[in-house]
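Secondary and tertiary structure notes
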Amino acid sequence: MAGRWIAALLRWHMRLGAVVSVAIIAWGLSGLAHPIISRLQPMPEQQRFPLQAMASEQLLSPAAALAAAGLDGELRALRLVNWGQGAQYRAEIGGAVQWLDARSGARLAAAERDYAEVLARHFSGDSHSAIAERRRQSHFDDDYLFINRLLPVQRVALARDDGLRVYVDTASGRLASLVNDRKALGSSLFRQLHSWLFIANEGLRHALMLGFLAGGLLVGVAGIVQYLLQARSGRPWRRGSAGRNWHRRLGIAVSLTVITFSVSGGWHLLQKHNGAPPRAPEPLAVAAETLTIDWSALGGSIMQAELVSVGGEPAFRLWQGGELSYRHGATGALLAGGEREHARQLAAYYAGHRELGEPQLVDRFGGEYGFINKRLPVVAVDSLIDSSRYYVEPRSGVLAALVRDSDRAEGWSFAWLHKWQFLDGLGRNARDAIAALFALGIALSFALGLWLYARRQWRRYGLRR
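What this report covers is the structure whose coordinates are included nearby. (Residues numbered from 1 in each chain as written. Predicted model: local features only at pLDDT ≥ 70, side-chain atom pairs only at ≥ 80, totals over all residues. Heavy atoms only, no water.)

1. Some remarks on the pairing of strand 3 (residues 88-93)
- Burial analysis of strand 3 places five of its six residues in the buried class, the great majority of the element.
- For strand 2 (residues 74-81) and strand 3, the ladder comprises six bridges, and the chain directions are antiparallel. What sits directly across from leucine 80, in strand 3, is tyrosine 89.
- In sequence, strand 2 turns back onto strand 3 through a hairpin of six residues, with glycine 84 there showing a positive phi of about 115 degrees.
- Sheet topology places strand 3 next to strand 4 (residues 96-101); six bridges connect them, and they run antiparallel. Residue pairing for strand 4: isoleucine 93 is matched across the bridge by alanine 96.
- In textbook terms, the turn of a hairpin is the stretch between consecutive antiparallel strands, and for strand 3 and strand 4 this stretch comprises two residues, one of which, glycine 94, has a positive phi near 65 degrees. (Buried < 20%, exposed > 50% of the residue type's maximum accessible area, 1.4 Å probe, protein only. Helix = DSSP H or I, 4+ residues; strand = E, 2+ residues; numbered from the N terminus. Pairing = 2+ DSSP bridges.)

2. A closer look at the sheet that holds strand 8 (residues 174-179)
- The strand order 5-6-7-8 describes an open sheet built from four strands, whose pairing is antiparallel. The open sheet has two free edges, formed respectively by strand 5 (131-137) and strand 8, since each of these has just one partner strand. Direction aside, neighbouring strands of the sheet carry axes that sit 20 degrees apart on average.
- Across the sheet, helix 4 (residues 181-195) touches strand 7 (165-169) and strand 8, and the angle it forms with strand 8 is around 75 degrees. (Axes fitted to C-alpha atoms, helices over the stretch in contact; angles between N-to-C directions. Contact = heavy atoms within 4.5 Å.)

3. Regarding the nonpolar core
- Counting residues in hydrophobic clusters, the biggest one holds 27 residues, and the most contacted among them are Leu75, Leu80 and Trp295.
- Broken down by secondary-structure element, the contributors of at least two residues to this core are helix 2 (62-68), strand 2, strand 3, strand 10 (301-310) and strand 11 (313-320).
- Here leucine 80 is in contact with Met54, Leu59, Gln88, Tyr89, Ala102, Trp295, Ile302, Gln304 and Ala305, once residues within four sequence places are set aside.
- Of all hydrophobic cores here, the second largest spans 20 residues; its members include Ala23, Ile25, Trp196 and Trp420. (Core = buried A, V, L, I, M, F, W, Y, C linked by side-chain atoms within 4.5 Å.)

4. Thoughts on the sheet that holds strand 15 (residues 389-393)
- Pairing is antiparallel in the open sheet, where four strands are placed in the order 13-14-15-16. Strands at the two margins of the open sheet, each flanked by one partner only, are strand 13 (360-362) and strand 16 (398-403). Along the sheet, successive strands turn relative to each other by an average axial angle of 30 degrees, direction set aside.
- Its contacts with the sheet place helix 7 (residues 338-351) against strand 14 (378-382), strand 15 and strand 16, and it is angled at close to 120 degrees to strand 15.

Listed below in structure tokens is the structure:
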């Protein structure tokens, strides 16, 4: 009986393995390449752009500055900042971005361009290369991927041999991404081999990937069961060629990894179709003439101020003297608990209800809110109706992440079974090296299996003696 089971498993192990081998080899090789590609990509010279203090007594109110510039209407965004050129307002009004001198109200026609270039040079560490191109980008593409999250951004291309492109967010003064030709090529190859973007139809692509992942899972299970049955039967392994022996050794060494990679990869794909419906931020619309705040009355030096809405009233998130406070946009009155109330208001908007827990500041990546979410700092707010947690970014009003129970379970699976974060204690280099070694083992095992199966068929049909 055991012999029949072993023979049947061997036949189907070989046949199914041959069918899925090309896909598994591609995933194994791209998994091997991923840590290498990630280490070859350009790294920012700096993580943050330093701001300069502004003497509050020199600043016009937003209403006065906008009036002096001949601008009126509803503001969609407003930021007070000194990026090295004196105090300036960056205003989104009338469907356009306008920069104004915060001390006179004079329009600064080239400030958006200049600020983008200053940010690009700061983050890239390149102060000498000429600017090859600068343009506004309002969509994701093959060069600026969705994983970068921030939109719109300014794309600043430097005239360098590596074709470095620096994507910066001028609304917040932060880096969105660095891309050079090497990173773009590596990323493209990885996405073609690992995510199969050569298949344009997403539904068909995911269905095929799930089918091959299921096949890989079955091959891994069959290999383990066959090995256990053979050992239990007490029958010695049949001697074979070096190729067969190495396939057997590699196969049993990586079989469990084939199963965990297949399960976590398939779950990750399915979760993409179980995501929460996206919801755009609630648009900000503040009448310019209402922003009569008297900065001089606040005293001290101001580092930055950003316009938000709290309880339907305009307010500024104000950084002053190393402290964050909320001030009413018209009167300058301090809004006690402003950040907390603002975060609760944002979470209620995205949740569609107000039964929420206490907001908690999150100022570093970790756990369920990982680096992939990009935005920091954020505020986490729990729903009291279910177990959902809303991560909101007060400065932009954006929902940075929504984490549900299904997201937590899949996130744990992907982090531990696919990216091997249980080895983080060894350090990133050791973790990635071990995972890459197993990915290579999987690719080699399936390649040997495919070669053995092809040789068997050639012999069977008389194509090779």
